[in-house]
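# Descriptive structure summary
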Amino acid sequence: MNVLTELVQSRELLTNLTLRELRGKYKRSILGWTWSLLNPISLMVIYTVVFGLLFGAQIDPGQNSGLDSFPIWLMCGLLPWNFVSQSLSGAMATVIGNAGLIKKVYFPRELLPFSLVLSLDVSFLIEMAVLLAFIAVLGSSVVGVLPWLVPALLLVVALTAYAAGLGLILAVANVYFRDVQYLFGILLNLWFYSTPVVYPISLVENFANSHNAPWLLTVYKANPMVEYVGIFRSLLYDWTAPGLSSTLYVLVWSVGIFVAGLWIFRRFEGRLAEEL
Amino acid sequence: MDQHRSDGSSGGSGPNAPAPRAARTATNAITVRNVSKKFRLYNDRNQSLKATLSRGRRARYEDFQALQDVSLDIEQGTTYGLIGENGSGKSTLLKCMARILRPEQGSIEVVGKVSALLELGAGFHPELSGRENVFLNAAILGLSGKEVTRRFDEIVEFAGLEQFIDSPVKNYSSGMYVRLGFSVAINVDPDVLLVDEVLAVGDEQFQRRCNEKFSEMRDKGKTIVVVSHGMSAMRTICDQVAWLEHGVLQKVGDAGEVIDEYIAQVQTDRQEVAEDETGARWGSGEAVIDHVEIVDRDNRPTTRLQTGDAVTVRIHFDARETVERPVFGFAVFTLEGLLVTGPNTREAGVECARIDGRGVVELTIDRMLLLPGTYDISVSLYDHAITHPYDFRQKVLRFDVEAGTPHETFGGVVSLDGRWAVTAADRSPARSGNTEP
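For clarity, every value in this text was computed on a predicted model and none was experimentally measured.

### What to know about the overall build of chain B
Check the secondary structure of chain B and you find 8 helices and 20 strands. Taken across its 437 residues, chain B has 33% of its residues classed as buried. Considering only residue pairs separated by 6 or more positions, chain B has 73% of its internal contacts joining residues 24 or more positions apart.

Now the structure itself:
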């Protein structure tokens, strides 16, 4: 519990470090914070053209929402995915990037990856607001989506814990082996296409069924991001509640990875100042 | 371990005797118990997975014992110095106290809020303004937002940066940067302040204010731990001093006593080193320099001269084979390694057709104008092109110069033996020639 008290005590520092990330980001760029909107929007346009138009991906209309728009459906998967992938690449670099600080001042080092993930949470929320605006324009009713925001925000919390825990592990691993960042770059691509972001999961289900290989689906679903993205999409695109098993599954992953990350980080943190 | 307990009346504080301390309890601010710390010195720092997998483990390393079984008690309200040569582990110990490094064995207990002045302005974000960085840096050092707001003006004023506080710190000069960093760190109001060689910061005015701030903290009964090489400063600032050598605690006690002992020890070490260095020698050896001597006006060998003396340097050589057109060189160095002069026979237009067997070269100096100090002589025997050394002997002879005439006490290495003339307004010159008879 020592760990937790220290973290609670340093919440003010966490706020300050997060503000540093937010303020330092996009400094000296003309468009500034607009970039954090242009980025997902450009991805949305690209994927819509490639997968929606050229490949002609068939997606079902939203169950309760009546939404029938590939861009919105895509954004519902892209936003949580981008948050996790950016959190992980960012968090991994924080420890090395702040070597000067770590060697000279003591503070709970976990705060570095945490503050980065929190700063991306802010972007995530802004992007969600944009998504909401799209839904309001294209959807049948604006009011209908509002109740689903509450569970969606809870899912953001769960995703944050997941990304922070994994980010801690990657950050400390990267200090000891600088290969981790390059290896991660490759794995991230693989991970992206193993997660139903640009295609519906029914594609994989159909493939597994038609080839009579249900194990394929089991392997596929071992990736927790399948569930995170699935729930986020069902909340905001279909306006349906996730089942109890899905909810528990996500909860266990989030808490498990967060605790594991904290434990591993604490374990190897002692020699950070020397190894950097 | 030999420990002295000083309460209130600290020894060795000289003229700057500390102001009376706030009532001091005999509790420890910092308790260091049996602390050992090893560093890994990597022979081949290859941090790649491939290298690790092919070796079957991470890079090969040797352990370097930076601290060995160190125990210290630092009482609340003392100003405590850590002294020792480079690599003695004093900075490592300070970093362990600051929790930046974690010792393998032993424990360090610190009571109260700690602020470490290890590097000023660590954690400043270059793109952010001074104002934003003050809040950030103070938070890193453990100050709450409310407290920073309350002390903000004081911090900025202390750093003298009122005008620049809203520009990004990347536009600050290094002095401004460090001043702001110091100002934040000192205004965090720590119970324990750890300082590593950062006392010499900024201009004279800022230095004075830093010292005032230090004594203010000491008066308030705060504990300060200082690492420094500046022994005279340590003597005035510190009550107690711990002397470390190769990670082992040598002595703990009153600042004056320990520092005296430390200086005595270090100086004997240095003399031994100097003797080792004497006699560095290289060359092909067809002809060699046997020895060098300085003789005074009465032809008596000496190593103790006075400024202005007439002296002769004699270089005794032995040419085992015939050497054509040799060039003899002679050089005088200060102990710090500054070359004072380095004449040779070729440049002086002195030709010697060949040498064979033993002989002597003399350099006669009518007025030796070195100022008081200790000097080393190096001599050389080269071929005519001065490319091939037959014999080169570094620091072959050491001699002392005492005050003579010209008499100068301002310092320096050599007298220019000039003459002064002061012309008064009535244009009757009052001359003072040099006083040499």
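### Describing the overall build of chain A
Looking only at helices and strands, chain A has 13 helices and 0 strands in total. Secondary structure elements of chain A occur, N-terminal to C-terminal, as α-α-α-α-α-α-α-α-α-α-α-α-α. Within chain A, the proportion of its 276 residues that are buried is 38%. Pairs at least 24 residues apart make up 83% of the contacts formed inside chain A by residues separated by at least 6 positions.

### Looking at the sheet that holds strand S7 (residues 223–227) of chain B
All names here are of chain B. Taken in spatial order, the 6 strands make up an open sheet running S5-S6-S7-S3-S8-S9, and their pairing is mixed. Strands at the two margins of the open sheet, each flanked by one partner only, are strand S5 (114–117) and strand S9 (248–254). Pairs of neighbouring strands in the sheet enclose a mean axial angle of 15 degrees, with direction left out of account. Along the sheet face, helix H2 (residues 90–97) touches strand S3 (79–83), strand S6 (192–196), S7 and strand S8 (240–245) and points at about 145 degrees away from the line of S7.

### A few points about the sheet that holds strand S2 (residues 61–75) of chain B
Residue and element names in this part refer to chain B. Ordered in space as S2-S1-S4, the 3 strands form an open sheet in which the pairing is antiparallel. Since the sheet does not close on itself, it has two edges, and those belong to S2 and strand S4 (105–110), each with one partner. Ignoring which end each strand starts from, the neighbouring axes of this sheet average 25 degrees apart. Where strand S1 (residues 28–42) lies against S2, 11 bridges are found, and the strand directions are antiparallel. Residue Thr31 lies in a different strand from S2, and its bridge partner there is Asp73.

### Section: the pairing of strand S14 (residues 327–334) of chain B
Residues and elements named next belong to chain B. Pairing of S14 with strand S17 (residues 373–382) involves 8 bridges; the strand directions are antiparallel. Within S17, the position partnered with Phe330 by the bridge is Val379. Bridging between S14 and strand S15 (residues 339–341) involves 2 bridges; their strand directions are antiparallel. Within S15, the residue paired with Phe333 across the bridge is Leu339. The turn linking S14 back onto S15 is made up of 4 residues, and Gly337 within it adopts a positive phi angle of 100 degrees.

### Describing the nonpolar core
Residues B:Leu194 and B:Val225 are the most contacted members of the largest nonpolar core, which totals 141 residues. With 15 residues, the top contributor of residues to this core is helix H7 (residues 146–176) of chain A. Apart from the residues lying within four places of it in its own chain, the contact partners of B:Leu194 are B:Leu94, B:Met97, B:Ala98, B:Val114, B:Ala116, B:Leu117 and B:Val225. In this structure, B:Ile315, B:Phe317, B:Val327 and B:Val379 belong to the second largest nonpolar core, which totals 24 residues.

### Topic: the environment of B:Leu338
All names here are of chain B. With respect to the helices and strands, the residue Leu338 is situated in the loop between S14 and S15. Considered as a pair, Leu338 and Tyr375 are 37 residues apart in the sequence and their alpha carbons are 9.6 Å apart. Beyond its immediate chain neighbours, meaning those up to four positions away, Leu338 contacts Phe333 and Val413.

### Thoughts on the interface of chain A and chain B
Contacts between the two partners involve 22 residues from chain A, matched on the other side by 26 residues from chain B. Put simply, the parts of the chain that give the side of chain A that touches chain B at least two residues each are helix H2 (11–24), helix H5 (99–104) and helix H13 (272–275) of chain A. No other element matches the 6 residues that H2(A) contributes to the side of chain A that touches chain B.

### Quick word on unusual backbone geometry
All names here are of chain B. Here Thr405 and Pro406 are connected by a cis peptide whose omega angle stands at -5 degrees. Tracing the chain through its elements places Pro406 in the loop between strand S18 (389–402) and strand S19 (420–423). Unlike most non-glycine residues, Arg325 shows phi in positive territory, near 45 degrees. Structurally, the position occupied by Arg325 is in the loop between strand S13 (311–324) and S14.

### Side note on the packing of helix H9 (residues 201–210) of chain A against helix H10 (residues 214–221) of chain A
All names here are of chain A. The N-to-C vectors of H9 and H10 enclose an angle of 150 degrees; their axes lie 7 Å apart at closest approach. Classified by the interaxial angle, the pair formed by H9 and H10 is roughly antiparallel. The segment H9 lies against H10, with Val204, Glu205 and Ala208 engaging Pro214, Leu216, Leu217 and Tyr220. Residue classes in the contact of H9 with H10 are distributed as 6 nonpolar, no polar and 1 charged.

### Observations concerning the packing of helix H4 (residues 145–159) of chain B against helix H5 (residues 174–187) of chain B
All names here are of chain B. It is the contact of H4 with H5, at a shortest axis distance of 8 Å, that shows an interaxial angle of 140 degrees. Judged by the angle between their axes, H4 and H5 are oblique. For H4 against H5, the interelement crossing comes out right-handed. Between H4, through Arg151, Glu154, Ile155, Phe158 and Ala159, and H5, the contact on the second element is made entirely by Arg179, Leu180, Ser183, Val184 and Asn187. The class makeup of the residues in the contact of H4 with H5 is 5 nonpolar, 2 polar and 3 charged.

### A word on the environment of B:Thr223
All names here are of chain B. Along the chain, Thr223 turns up in strand S7. Residues Thr223 and Asn28, spaced 195 residues apart in sequence, show a C-alpha to C-alpha distance of 9.6 Å. In this structure, Thr223 is in contact with Ala29, Ile30, Ile74, Gln76, Gly77, Thr78, Asp191 and Val192, ignoring residues within four places of it in sequence.

### Describing the confidence of the model for chain B
Residue and element names in this part refer to chain B. Per-residue confidence for chain B gives a mean pLDDT of 80; residues scoring 70 or more make up 83%. Across chain B, element-level confidence peaks in strand S16 (residues 354–365) with a mean pLDDT of 92 and bottoms out in strand S20 (residues 429–432) with 56. Every residue in residues 1–25 scores below 50 in pLDDT, and together they form 47 contacts with partners more than four places removed in sequence or on other chains. When the criterion is pLDDT under 50, residues 270–277 qualifies, and its contacts beyond four places in sequence or with other chains add up to 1 contact. Confidence estimates for the predicted assembly give a pTM of 0.68 and an ipTM of 0.76.

What counts, and at which threshold
Per chain, the residues get numbers from 1 upward, laid out in the order the sequence is written. Chains and ligands are labelled sequentially in the order written, the chains with letters from A and the ligands with numbers from 1. In view of the model being predicted, local features appear only for residues whose pLDDT reaches at least 70, and side-chain atom pairs are presented and counted only at 80 or more, with totals across whole chains, interfaces and linings using the full set of residues. Strands are runs of DSSP state E lasting at least 2 residues, helices are runs of H or I lasting at least 4, and numbering of each runs from the N terminus. With C-beta atoms placed from the backbone, the exposure class of a residue follows from how many other C-beta atoms lie within 10 Å of its own: 20 or more, buried; 12 or fewer, exposed; in between, partly exposed. C-beta atoms are placed from the backbone for every residue, and two residues are taken to be in contact when these atoms lie within 7 Å. When DSSP locates at least two bridges between a pair of strands, those strands are taken to pair. Every axis in this analysis is a line fitted to C-alpha atoms, fitted for helices over the stretch in contact. Angles between the N-to-C directions lie between 0 and 180 degrees. Nonpolar cores are identified as sets of buried Ala, Val, Leu, Ile, Met, Phe, Trp, Tyr and Cys residues joined via C-beta atoms within 7 Å. By the definition adopted for this analysis, an angle is roughly parallel if under 35 degrees, roughly antiparallel if over 145, roughly perpendicular if from 65 to 115, and oblique otherwise. All residues other than Ala, Val, Leu, Ile, Met, Phe, Trp, Tyr, Cys, Pro, Asp, Glu, Lys and Arg, Gly among them, are scored as polar; the first ten of these are nonpolar and the last four charged. With the far helix as reference, a near helix turned anticlockwise by less than a right angle produces a left-handed crossing, and one turned clockwise produces a right-handed crossing. Per residue, pLDDT measures the predictor's confidence, with a range of 0 to 100.

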